[in-house]
Amino acid sequence: MRPLSVDFMDDLRRLRVLREFRERGSVTATAAALHLTPSAISQQLARTARDVGFEVLQHVGRRVVLTPRAHALLAHADRIFAEVERARHELDSWDDGVRGTVTLGAFPTAITGLLPDVLDRARAELPNVRITVTEAEPPALFDELDAGRHDIALAVAFTGSPAAGDPRYHRVDLGFDELDVALPPDHPLLERKAVALKDFERDPWIVGDDKGCCGAITTTACAAAGFTPDVAHRTNDWQALAQLVAHGHGVALIPRLAQRDLPAAVTLRRITPSRPRRWVFAAVLEGAQHSPLITRALDLLASVREEQLRD
(Lines give C-alpha, C1' and ligand atoms only; values in the text may rest on other atoms or scores of the structure.)
Protein backbone atom coordinates (compact mmCIF):
# COMPACT_ATOMS: atom_id res chain seq x y z
CA MET A 1 0.00 0.00 0.00
CA ARG A 2 1.30 3.45 -0.91
CA PRO A 3 0.94 6.18 1.73
CA LEU A 4 -1.84 8.68 1.41
CA SER A 5 -0.89 11.82 -0.50
CA VAL A 6 0.72 14.72 1.30
CA ASP A 7 -2.31 16.93 0.68
CA PHE A 8 -3.88 16.14 4.03
CA MET A 9 -7.09 18.11 3.56
CA ASP A 10 -7.75 16.50 0.18
CA ASP A 11 -7.15 13.11 1.79
CA LEU A 12 -9.71 13.91 4.47
CA ARG A 13 -12.28 15.06 1.92
CA ARG A 14 -11.92 11.86 -0.08
CA LEU A 15 -12.07 9.74 3.07
CA ARG A 16 -15.28 11.56 4.00
CA VAL A 17 -16.71 10.54 0.64
CA LEU A 18 -15.68 6.93 1.23
CA ARG A 19 -17.14 7.01 4.72
CA GLU A 20 -20.38 8.49 3.41
CA PHE A 21 -20.56 5.68 0.84
CA ARG A 22 -20.27 3.20 3.72
CA GLU A 23 -23.32 4.76 5.37
CA ARG A 24 -25.43 5.34 2.23
CA GLY A 25 -24.65 2.19 0.30
CA SER A 26 -24.66 3.63 -3.23
CA VAL A 27 -22.96 6.30 -5.34
CA THR A 28 -26.30 7.99 -6.03
CA ALA A 29 -27.28 8.24 -2.37
CA THR A 30 -23.79 9.43 -1.45
CA ALA A 31 -23.95 12.12 -4.12
CA ALA A 32 -27.34 13.31 -2.84
CA ALA A 33 -26.11 13.47 0.75
CA LEU A 34 -23.00 15.46 -0.19
CA HIS A 35 -24.77 17.66 -2.77
CA LEU A 36 -22.47 16.46 -5.53
CA THR A 37 -23.03 14.65 -8.81
CA PRO A 38 -22.69 10.85 -9.01
CA SER A 39 -19.86 11.41 -11.49
CA ALA A 40 -17.95 13.54 -8.98
CA ILE A 41 -18.40 10.88 -6.30
CA SER A 42 -17.16 8.16 -8.65
CA GLN A 43 -14.09 10.24 -9.48
CA GLN A 44 -13.36 10.82 -5.78
CA LEU A 45 -13.63 7.12 -5.02
CA ALA A 46 -11.39 6.25 -7.97
CA ARG A 47 -8.81 8.80 -6.80
CA THR A 48 -8.87 7.31 -3.31
CA ALA A 49 -8.19 3.85 -4.77
CA ARG A 50 -5.22 5.20 -6.74
CA ASP A 51 -3.82 6.98 -3.68
CA VAL A 52 -4.01 3.99 -1.36
CA GLY A 53 -2.96 1.45 -3.98
CA PHE A 54 -5.89 -0.96 -3.71
CA GLU A 55 -9.51 -1.19 -4.81
CA VAL A 56 -12.00 0.33 -2.40
CA LEU A 57 -15.11 -0.92 -4.24
CA GLN A 58 -16.15 -4.31 -5.55
CA HIS A 59 -19.18 -5.75 -7.33
CA VAL A 60 -21.34 -8.23 -5.43
CA GLY A 61 -24.06 -9.27 -7.83
CA ARG A 62 -25.59 -6.04 -9.09
CA ARG A 63 -24.45 -4.06 -6.08
CA VAL A 64 -21.25 -2.10 -5.53
CA VAL A 65 -19.89 -2.47 -1.99
CA LEU A 66 -16.76 -1.61 -0.06
CA THR A 67 -13.88 -4.06 -0.15
CA PRO A 68 -12.63 -5.55 3.13
CA ARG A 69 -9.49 -3.40 2.88
CA ALA A 70 -11.66 -0.30 2.43
CA HIS A 71 -13.51 -1.19 5.62
CA ALA A 72 -10.16 -1.54 7.39
CA LEU A 73 -9.07 1.84 6.01
CA LEU A 74 -12.26 3.46 7.29
CA ALA A 75 -11.74 2.01 10.77
CA HIS A 76 -8.50 4.03 10.87
CA ALA A 77 -10.22 7.01 9.23
CA ASP A 78 -12.88 7.08 11.96
CA ARG A 79 -10.13 7.52 14.55
CA ILE A 80 -8.44 10.20 12.43
CA PHE A 81 -11.65 12.20 12.10
CA ALA A 82 -12.26 11.94 15.84
CA GLU A 83 -8.77 13.29 16.58
CA VAL A 84 -9.17 16.12 14.06
CA GLU A 85 -12.49 17.07 15.67
CA ARG A 86 -10.94 16.90 19.11
CA ALA A 87 -8.02 19.10 18.04
CA ARG A 88 -10.36 21.66 16.45
CA HIS A 89 -12.39 22.04 19.62
CA GLU A 90 -9.34 22.14 21.88
CA LEU A 91 -7.87 24.97 19.81
CA ASP A 92 -11.20 26.80 19.73
CA SER A 93 -11.33 26.69 23.53
CA TRP A 94 -7.68 27.63 24.10
CA ASP A 95 -8.51 30.70 26.17
CA ASP A 96 -9.69 30.41 29.76
CA GLY A 97 -13.34 29.92 30.58
CA VAL A 98 -16.28 28.37 28.78
CA ARG A 99 -17.42 30.76 26.09
CA GLY A 100 -18.60 30.71 22.49
CA THR A 101 -21.58 29.61 20.39
CA VAL A 102 -23.16 26.16 20.27
CA THR A 103 -25.43 25.41 17.32
CA LEU A 104 -28.07 22.81 18.08
CA GLY A 105 -30.36 21.05 15.60
CA ALA A 106 -33.44 19.47 17.18
CA PHE A 107 -36.70 17.71 16.34
CA PRO A 108 -39.82 19.86 16.85
CA THR A 109 -41.11 18.43 20.13
CA ALA A 110 -37.68 18.82 21.73
CA ILE A 111 -37.89 22.52 20.88
CA THR A 112 -41.33 22.63 22.50
CA GLY A 113 -40.77 20.47 25.56
CA LEU A 114 -37.05 20.44 26.40
CA LEU A 115 -35.06 23.31 24.96
CA PRO A 116 -36.90 26.25 26.55
CA ASP A 117 -35.81 24.92 29.96
CA VAL A 118 -32.29 24.30 28.66
CA LEU A 119 -32.02 27.84 27.29
CA ASP A 120 -33.33 29.25 30.59
CA ARG A 121 -30.65 27.38 32.51
CA ALA A 122 -27.95 28.34 30.01
CA ARG A 123 -28.83 32.02 30.32
CA ALA A 124 -28.45 31.80 34.10
CA GLU A 125 -25.46 29.45 34.36
CA LEU A 126 -23.48 30.08 31.15
CA PRO A 127 -23.60 33.82 30.49
CA ASN A 128 -20.70 33.61 28.01
CA VAL A 129 -22.27 30.81 25.96
CA ARG A 130 -24.76 31.41 23.15
CA ILE A 131 -26.93 28.44 22.16
CA THR A 132 -28.73 28.73 18.83
CA VAL A 133 -31.51 26.30 17.93
CA THR A 134 -32.68 25.17 14.49
CA GLU A 135 -35.50 22.71 13.79
CA ALA A 136 -34.27 19.65 11.90
CA GLU A 137 -34.97 15.93 11.79
CA PRO A 138 -33.04 12.88 10.57
CA PRO A 139 -31.58 12.16 8.15
CA ALA A 140 -31.06 15.84 7.20
CA LEU A 141 -30.19 16.64 10.83
CA PHE A 142 -27.16 14.34 10.73
CA ASP A 143 -26.12 15.59 7.29
CA GLU A 144 -25.97 19.06 8.88
CA LEU A 145 -23.98 17.68 11.83
CA ASP A 146 -21.53 15.96 9.50
CA ALA A 147 -21.07 19.18 7.53
CA GLY A 148 -20.31 21.17 10.67
CA ARG A 149 -23.43 23.32 10.48
CA HIS A 150 -24.63 21.95 13.83
CA ASP A 151 -22.50 21.20 16.88
CA ILE A 152 -25.15 19.04 18.56
CA ALA A 153 -27.97 16.96 17.06
CA LEU A 154 -30.99 16.21 19.24
CA ALA A 155 -33.07 13.34 17.87
CA VAL A 156 -35.18 10.29 18.58
CA ALA A 157 -34.10 6.77 17.68
CA PHE A 158 -35.92 6.05 14.44
CA THR A 159 -35.37 5.59 10.71
CA GLY A 160 -32.74 8.03 9.53
CA SER A 161 -31.00 8.27 12.89
CA PRO A 162 -27.57 6.60 13.23
CA ALA A 163 -27.26 3.37 15.16
CA ALA A 164 -26.13 3.57 18.77
CA GLY A 165 -22.67 2.20 17.95
CA ASP A 166 -21.96 4.42 14.93
CA PRO A 167 -18.25 5.36 15.20
CA ARG A 168 -18.83 8.79 13.66
CA TYR A 169 -20.68 10.10 16.70
CA HIS A 170 -20.46 10.46 20.44
CA ARG A 171 -23.93 9.87 21.81
CA VAL A 172 -25.60 10.98 25.05
CA ASP A 173 -28.82 9.15 25.92
CA LEU A 174 -31.59 11.39 27.28
CA GLY A 175 -34.13 8.76 28.30
CA PHE A 176 -37.54 7.73 27.09
CA ASP A 177 -40.27 10.12 26.01
CA GLU A 178 -43.50 8.32 26.91
CA LEU A 179 -46.74 8.81 25.01
CA ASP A 180 -50.11 9.18 26.74
CA VAL A 181 -53.54 8.84 25.17
CA ALA A 182 -55.42 12.11 24.66
CA LEU A 183 -59.20 11.92 25.13
CA PRO A 184 -61.95 14.33 24.02
CA PRO A 185 -64.24 15.90 26.62
CA ASP A 186 -67.15 13.47 26.14
CA HIS A 187 -65.20 10.22 26.05
CA PRO A 188 -66.77 7.39 28.12
CA LEU A 189 -63.42 6.43 29.70
CA LEU A 190 -62.68 9.85 31.19
CA GLU A 191 -63.27 8.60 34.73
CA ARG A 192 -60.50 6.02 34.49
CA LYS A 193 -57.06 7.09 35.73
CA ALA A 194 -55.24 4.50 33.63
CA VAL A 195 -56.38 2.75 30.48
CA ALA A 196 -55.27 0.00 28.12
CA LEU A 197 -54.68 0.75 24.47
CA LYS A 198 -57.09 -2.03 23.55
CA ASP A 199 -59.88 0.06 25.15
CA PHE A 200 -59.73 2.38 22.12
CA GLU A 201 -60.02 -0.25 19.43
CA ARG A 202 -63.34 1.18 18.20
CA ASP A 203 -62.40 4.85 18.44
CA PRO A 204 -61.43 7.04 15.48
CA TRP A 205 -57.73 7.95 15.71
CA ILE A 206 -55.74 11.07 14.92
CA VAL A 207 -52.13 10.18 14.12
CA GLY A 208 -49.00 11.54 12.50
CA ASP A 209 -47.58 10.62 9.14
CA ASP A 210 -47.03 6.86 9.10
CA LYS A 211 -43.47 7.46 7.82
CA GLY A 212 -42.68 9.59 10.87
CA CYS A 213 -41.68 8.47 14.34
CA CYS A 214 -44.90 9.13 16.26
CA GLY A 215 -47.19 7.91 13.51
CA ALA A 216 -45.19 4.70 13.37
CA ILE A 217 -45.20 4.36 17.17
CA THR A 218 -49.01 4.64 17.23
CA THR A 219 -49.40 2.00 14.53
CA THR A 220 -46.89 -0.33 16.20
CA ALA A 221 -48.37 0.12 19.68
CA CYS A 222 -51.91 -0.57 18.47
CA ALA A 223 -50.71 -3.63 16.56
CA ALA A 224 -49.06 -4.93 19.73
CA ALA A 225 -52.39 -4.40 21.52
CA GLY A 226 -54.13 -6.53 18.88
CA PHE A 227 -55.84 -4.05 16.58
CA THR A 228 -55.32 -1.69 13.66
CA PRO A 229 -56.30 1.91 14.48
CA ASP A 230 -59.15 3.46 12.49
CA VAL A 231 -57.27 6.55 11.28
CA ALA A 232 -59.66 9.45 10.78
CA HIS A 233 -57.11 12.27 10.47
CA ARG A 234 -53.36 12.66 9.99
CA THR A 235 -51.20 15.60 11.06
CA ASN A 236 -47.62 16.02 12.27
CA ASP A 237 -48.50 19.24 14.12
CA TRP A 238 -49.10 18.34 17.76
CA GLN A 239 -51.16 21.46 18.46
CA ALA A 240 -53.38 20.72 15.45
CA LEU A 241 -53.73 17.12 16.59
CA ALA A 242 -54.67 18.24 20.11
CA GLN A 243 -57.28 20.65 18.75
CA LEU A 244 -58.90 17.84 16.78
CA VAL A 245 -59.04 15.74 19.95
CA ALA A 246 -60.45 18.68 21.93
CA HIS A 247 -63.27 19.03 19.41
CA GLY A 248 -64.19 15.36 19.69
CA HIS A 249 -62.84 14.10 16.37
CA GLY A 250 -60.87 11.17 17.77
CA VAL A 251 -58.26 9.99 20.25
CA ALA A 252 -54.49 10.23 19.87
CA LEU A 253 -51.17 9.39 21.45
CA ILE A 254 -49.19 12.50 22.42
CA PRO A 255 -45.56 12.40 23.63
CA ARG A 256 -44.87 14.14 26.92
CA LEU A 257 -42.43 16.55 25.30
CA ALA A 258 -45.39 17.84 23.26
CA GLN A 259 -47.83 18.18 26.17
CA ARG A 260 -47.19 21.81 27.04
CA ASP A 261 -50.12 24.21 26.51
CA LEU A 262 -52.62 21.60 25.36
CA PRO A 263 -56.27 22.69 25.09
CA ALA A 264 -58.13 22.48 28.40
CA ALA A 265 -60.71 20.15 26.82
CA VAL A 266 -58.07 17.43 26.27
CA THR A 267 -57.64 14.83 29.00
CA LEU A 268 -54.47 12.73 29.13
CA ARG A 269 -54.37 9.19 30.49
CA ARG A 270 -51.41 6.89 30.99
CA ILE A 271 -51.44 3.67 28.98
CA THR A 272 -51.00 0.45 30.97
CA PRO A 273 -49.46 -2.03 31.19
CA SER A 274 -47.20 -1.41 28.18
CA ARG A 275 -46.46 2.29 27.67
CA PRO A 276 -45.62 3.50 24.16
CA ARG A 277 -42.34 5.44 24.21
CA ARG A 278 -39.50 6.71 22.07
CA TRP A 279 -35.83 7.10 22.93
CA VAL A 280 -34.31 10.60 22.91
CA PHE A 281 -30.59 11.23 22.46
CA ALA A 282 -28.05 13.94 21.67
CA ALA A 283 -25.12 13.34 19.33
CA VAL A 284 -21.94 15.20 18.43
CA LEU A 285 -19.15 14.29 16.05
CA GLU A 286 -16.76 11.85 17.71
CA GLY A 287 -14.00 13.91 19.30
CA ALA A 288 -16.15 17.01 19.85
CA GLN A 289 -17.17 15.79 23.31
CA HIS A 290 -13.69 16.81 24.53
CA SER A 291 -14.49 20.48 23.97
CA PRO A 292 -15.28 22.21 27.29
CA LEU A 293 -17.98 24.20 25.50
CA ILE A 294 -19.67 21.13 23.97
CA THR A 295 -19.27 19.17 27.20
CA ARG A 296 -20.99 21.91 29.18
CA ALA A 297 -23.87 22.08 26.71
CA LEU A 298 -24.33 18.29 26.74
CA ASP A 299 -24.22 18.24 30.55
CA LEU A 300 -26.89 20.93 30.63
CA LEU A 301 -29.12 18.95 28.25
CA ALA A 302 -28.72 15.79 30.32
CA SER A 303 -29.34 17.62 33.62
CA VAL A 304 -32.54 19.33 32.45
CA ARG A 305 -33.83 16.11 30.91
CA GLU A 306 -33.13 14.17 34.11
CA GLU A 307 -35.13 16.74 36.09
CA GLN A 308 -38.03 16.41 33.65
CA LEU A 309 -38.08 12.64 33.96
CA ARG A 310 -38.18 12.87 37.75
CA ASP A 311 -41.25 15.14 37.70
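Higher on the page you've got the structure.
Parameters at a glance
- Residues numbered from 1 in each chain as written.
- Predicted model: local features only at pLDDT ≥ 70, side-chain atom pairs only at ≥ 80, totals over all residues.
- Heavy atoms only, no water.
- Helix = DSSP H or I, 4+ residues; strand = E, 2+ residues; numbered from the N terminus.
- Buried < 20%, exposed > 50% of the residue type's maximum accessible area, 1.4 Å probe, protein only.
- Contact = heavy atoms within 4.5 Å.
- Areas by Shrake-Rupley, 256 points an atom, 1.4 Å probe, with all protein chains shown as cover.
- Expected span 1.5 Å × (residues − 1).
- Arc of directions from axis to C-beta.
- Salt bridge = Lys/Arg side-chain N within 4 Å of Asp/Glu carboxyl O.
- Core = buried A, V, L, I, M, F, W, Y, C linked by side-chain atoms within 4.5 Å.
- Axes fitted to C-alpha atoms, helices over the stretch in contact; angles between N-to-C directions.
- Parallel < 35°, antiparallel > 145°, perpendicular 65-115°, else oblique.
- Nonpolar A, V, L, I, M, F, W, Y, C, P; charged D, E, K, R; others polar.
- Pairing = 2+ DSSP bridges.
- Polar contact = N/O pair within 3.5 Å; in protein donor to acceptor, adjacent residues only side chain to side chain.

Enquirer: Explain the overall build of the protein chain to me, please; I cannot follow it from the model alone.
Expert: Of regular secondary structure, the protein chain possesses ten helices and twelve strands. Its C-alpha atoms put the protein chain at 75 × 55 × 30 Å along the principal axes. Taking all 311 residues of the protein chain together, the buried fraction comes to 44%. For the protein chain, the proportion of contacts with a sequence separation of at least 24, taken over those separated by at least 6, is 73%. Per element, the accessible surface of the protein chain, about 15900 Å² overall, is 52% carbon and sulfur.

Enquirer: Explain helix α10 (residues 292-310) here, please?
Expert: In an α-helix there are 3.6 residues to a turn, and that puts residues three or four apart on one side. If you check α10, its first and last C-alpha atoms are 27 Å apart, about what 19 residues at 1.5 Å a residue would give, namely 27 Å. The complete set of buried residues in α10 reads Leu293, Ile294, Ala297, Leu298, Leu300, Leu301, Val304, Arg305 and Gln308. Along the long axis of α10, the arc covered by the buried residues comes to 155 degrees, so they all point the same way.

Enquirer: Help me understand helix α6 (residues 115-125), please; the structure alone is not making it clear to me.
Expert: Among all positions in α6, only Leu115, Val118, Arg121 and Ala122 are buried. Looking straight down α6, one finds its buried side chains confined to an arc of 120 degrees; they lie on one side. Set apart from the buried face of α6 by more than 90 degrees, the exposed residues are Arg123 and Ala124.

Enquirer: Looking at this structure, how should I read the pattern of salt bridges?
Expert: Where charged atoms from two side chains of opposite charge approach closely, those side chains can pair. Under the definition given, this model contains 24 salt bridges. Here Glu23 ties to Arg168 by a salt bridge, and the two come within 3.4 Å at their closest N and O atoms. In this pair, Glu23 is assigned in helix α1 (residues 8-24) and Arg168 in the loop between β5 (152-156) and β6 (169-183), connecting sequence segments 145 residues apart. By relative accessible area, which is 31% here, Glu23 ends up partly exposed. A relative accessible area of 10% means that Arg168 is categorised as buried. As a salt-bridge pair, Arg171 and Asp173 come within 3.3 Å of each other at their nearest N and O atoms. For Arg171, a relative accessible area of 23% puts it in the partly exposed group. On the accessibility criterion, Asp173 (46% relative accessible area) is partly exposed.

Enquirer: Please clarify how the environment of Val84 should be interpreted in this entry.
Expert: Summarising the element assignment, Val84 is placed in helix α4 (residues 68-92). Under the relative-accessibility criterion, Val84 is labelled partly exposed at 31%. The spacing of Val84 and Glu286 is 202 residues in sequence and 9.4 Å in space, taken between C-alpha atoms.

Enquirer: Would you take a moment to explain the nonpolar core for this structure?
Expert: As a rule of thumb, nonpolar side chains are buried together in soluble globular proteins. Core analysis: the largest hydrophobic core is formed by 60 residues, its most contacted members being Ile152, Leu154, Trp205 and Leu301. In terms of residues, this core owes the most to one element, α10, which gives seven residues. Counting residues in each nonpolar core, the second largest holds 18 residues, with Leu15, Val52, Val56 and Ala77 among its members.

Enquirer: Would you explain the packing of helix α2 (residues 27-34) against helix α3 (residues 38-52) in this entry?
Expert: Here α2 crosses α3 at 105 degrees, and the two axes come no closer than 8 Å. Classed by the angle they form, the pair α2 and α3 counts as roughly perpendicular. Between α2 and α3, the contacting residues are Val27, Thr30, Ala31 and Leu34 on the first element and Pro38, Ile41, Ser42 and Leu45 on the second. Here the contact of α2 with α3 is composed, by residue class, of six nonpolar, two polar and no charged.

Enquirer: How do you make sense of the pairing of strand β9 (residues 230-234) when you look at a structure like this?
Expert: Each regular strand displays side chains that alternate between the two surfaces of the sheet. Strand direction decides the pairing type here: strand β8 (residues 204-207) and β9, joined by four bridges, are parallel. Directly across from Val207, in β9, lies its bridge partner Arg234.

Enquirer: Sorry, what's going on with the side chain of Asp177 here?
Expert: Mapped onto the elements of the fold, Asp177 is located in strand β6. By relative accessible area, Asp177 is classed as buried at 1%. A polar contact of 3.2 Å, which involves the side chain of Asp177, links it to the backbone nitrogen of Arg256. Setting aside chain neighbours within four positions, we find Asp177 in contact with Pro255, Arg256, Leu257, Pro276, Arg277, Arg278, Val280 and Arg305.

Enquirer: What exactly am I supposed to notice about the pairing of strand β11 (residues 267-271) here?
Expert: By the bridge criterion, three bridges tie β6 to β11 in an arrangement that is antiparallel. Its bridge partner lying in β11, Leu183 is registered against Thr267. As paired elements, strand β7 (residues 194-195) and β11 share two bridges and run parallel to each other. Bridge assignment links Ala194 to a residue of β11, and that residue is Arg270.

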